[in-house]
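Here's the letter readout for the chains.
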Amino acid sequence: MFSDAAIAKYIDENFEPVWESVRPVPMITIDFGNGHKVKRTLHGNIASYVCTADGQVVDVLPGLYKPDSYRDAISKLLTVARTAQSKSDRTDAKTQYLSAYHRIALESIEKHRPSQIARRVSSTHSKPHTPLDVVAWPELTEETVINETQRRKLIHERLATTLSGTTPAQLKGWLYKEVMHCDLDDPYLGMQAALFENYPFVD
């Protein structure tokens, strides 16, 4: 997403972007036994937090998105963040506004069937791409739909009931474990059973 020049420009012009690496990048090495080895990073995951100037989470875009869908979603969050920021001198008013926003967003997700959201996501068109461009992957469209239905539903449920400001640090562990199913405290990233369950030499 961030390699898309239009998205990078939009973020630079409208936000104060901050990048945090939440854990070391996992690597995997395949030794073919004939002197040939392949070393690659495993597919990671990402969460885009939109916050007010004091660090309170406005909303989160979990996982990877189609570029056009990401731009549309983060543009809407910019409006929400600016409204929340205008209430920054009244903490209670800001928290109440954000709670109401998440309740309305949750109702919207529950009202619209996943198939409707899938059609909306599929109808967005990104710039022309090469055959190897990830924008062309159908999996990316599927990931975007899951983000906008299942994952954001959980985020809205959590933030709608928050009685005080939530920071990314307070949300991070729960978000990765319960929403994105990538427990940051699990050294095997949820793959322990697949790696060891039927392996006779595990001990």
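Residues numbered from 1 in each chain as written. Predicted model: local features only at pLDDT ≥ 70, side-chain atom pairs only at ≥ 80, totals over all residues. Heavy atoms only, no water.

On to the overall build of the protein chain. Along its length, the protein chain carries seven helices and four strands. Beginning at the N terminus, the succession of helices and strands in the protein chain can be written as α-β-β-β-β-α-α-α-α-α-α. Residue pairs at least 24 apart in sequence account for 63% of intrachain contacts in the protein chain once pairs closer than 6 positions are excluded. Total accessible area computed for the protein chain in this model is approximately 13,200 Å², and 55% of it derives from carbon and sulfur atoms. (Helix = DSSP H or I, 4+ residues; strand = E, 2+ residues; numbered from the N terminus. Contact = heavy atoms within 4.5 Å. Areas by Shrake-Rupley, 256 points an atom, 1.4 Å probe, with all protein chains shown as cover.)

A word on the layout of surface pockets. Volume-wise, the largest pocket comes out at about 1,400 Å³. Elements that contribute at least two residues to the lining of the largest pocket include exactly helix 1 (5–14), strand 3 (47–51), helix 2 (67–85) and helix 6 (168–179). Residues that form the lining of the largest pocket fall into these classes: 28 nonpolar, 10 polar and six charged. (1 Å grid on protein atoms, 1.4 Å probe; cavity = no way out; pocket = protein on both sides within 12 Å on 5 of 7 lines; lining within 4 Å. Points joined across faces, edges and corners; volume = space filled by probe spheres on them. Nonpolar A, V, L, I, M, F, W, Y, C, P; charged D, E, K, R; others polar.)

A few words now on the packing of helix 1 against helix 2. Relative to each other, helix 1 and helix 2 sit at 10°, their axes nearing to 10 Å. Relative to helix 2, the element helix 1 is oriented roughly parallel. Across the interface between the two elements, Ala6, Ile7, Tyr10, Ile11 and Asn14 from helix 1 touch Pro67, Tyr70, Arg71, Ile74, Ser75, Leu78 and Arg82 from helix 2. (Axes fitted to C-alpha atoms, helices over the stretch in contact; angles between N-to-C directions. Parallel < 35°, antiparallel > 145°, perpendicular 65-115°, else oblique.)

Let us now look at the packing of aromatic side chains. If you walk through the whole model with that rule in mind, you get one aromatic pair. Geometrically, the ring pair formed by tyrosine 65 and tyrosine 70 is edge-to-face, given 6.0 Å between the ring centres and 65° between the ring planes. Taking the relative accessible area as the measure of exposure, tyrosine 65 reaches 2% and is therefore buried. Its relative accessible area of 1% is what places tyrosine 70 among the buried residues. (Phe/Tyr/Trp six-rings, centres within 6.5 Å; stacked < 30°, edge-to-face > 60°. Buried < 20%, exposed > 50% of the residue type's maximum accessible area, 1.4 Å probe, protein only.)

In this section: the pattern of salt bridges. Applying the stated criterion to the full structure yields eight salt bridges. Residue lysine 9 pairs with glutamate 13 through a salt bridge whose shortest N-O separation is 2.5 Å. Of this pair, lysine 9 and glutamate 13 both sit in helix 1, four residues apart, which is roughly one turn of that helix. Of the two residues, lysine 9 and glutamate 13, neither departs from the other in class, the shared state being exposed. A salt bridge links lysine 153 to glutamate 157, with the shortest nitrogen-to-oxygen separation between them at 2.8 Å. Here lysine 153 and its partner glutamate 157 are both found in helix 5 (residues 138–160), four residues apart, which amounts to about one turn of the helix. Look at the salt bridges and you will find they share partners, linking Asp59, Glu148 and Arg152 into a network. (Salt bridge = Lys/Arg side-chain N within 4 Å of Asp/Glu carboxyl O.)

A few words now on a nonpolar patch on the surface. Among the surface-exposed residues, Ile28, Ile30 and Phe32 lie close enough to one another that they form a single nonpolar patch of about 280 Å² accessible area. Structurally, isoleucine 28 can be placed in strand 1 (residues 27–31). (Patch = residues over 30% accessible without salt bridge, like charges linked within 9 Å, V, L, I, M, F, W, Y side chains within 5 Å.)

We now examine unusual backbone geometry. Although it is not a glycine, histidine 181 adopts a positive phi angle of roughly 55°. With respect to the helices and strands, histidine 181 occurs in the loop between helix 6 and helix 7 (192–196).

Counting all residues, the mean pLDDT for the protein chain is 82, and 81% of those residues have values of 70 or more. Taken element by element, the protein chain is modelled with least confidence in helix 4 (residues 114–122), mean pLDDT 56, and with most confidence in strand 4 (residues 57–62), mean pLDDT 96. Within the model, pLDDT remains below 50 along residues 126–134, and this stretch shows eight contacts once partners closer than five positions in the same chain are excluded. (pLDDT = per-residue confidence, 0-100.)

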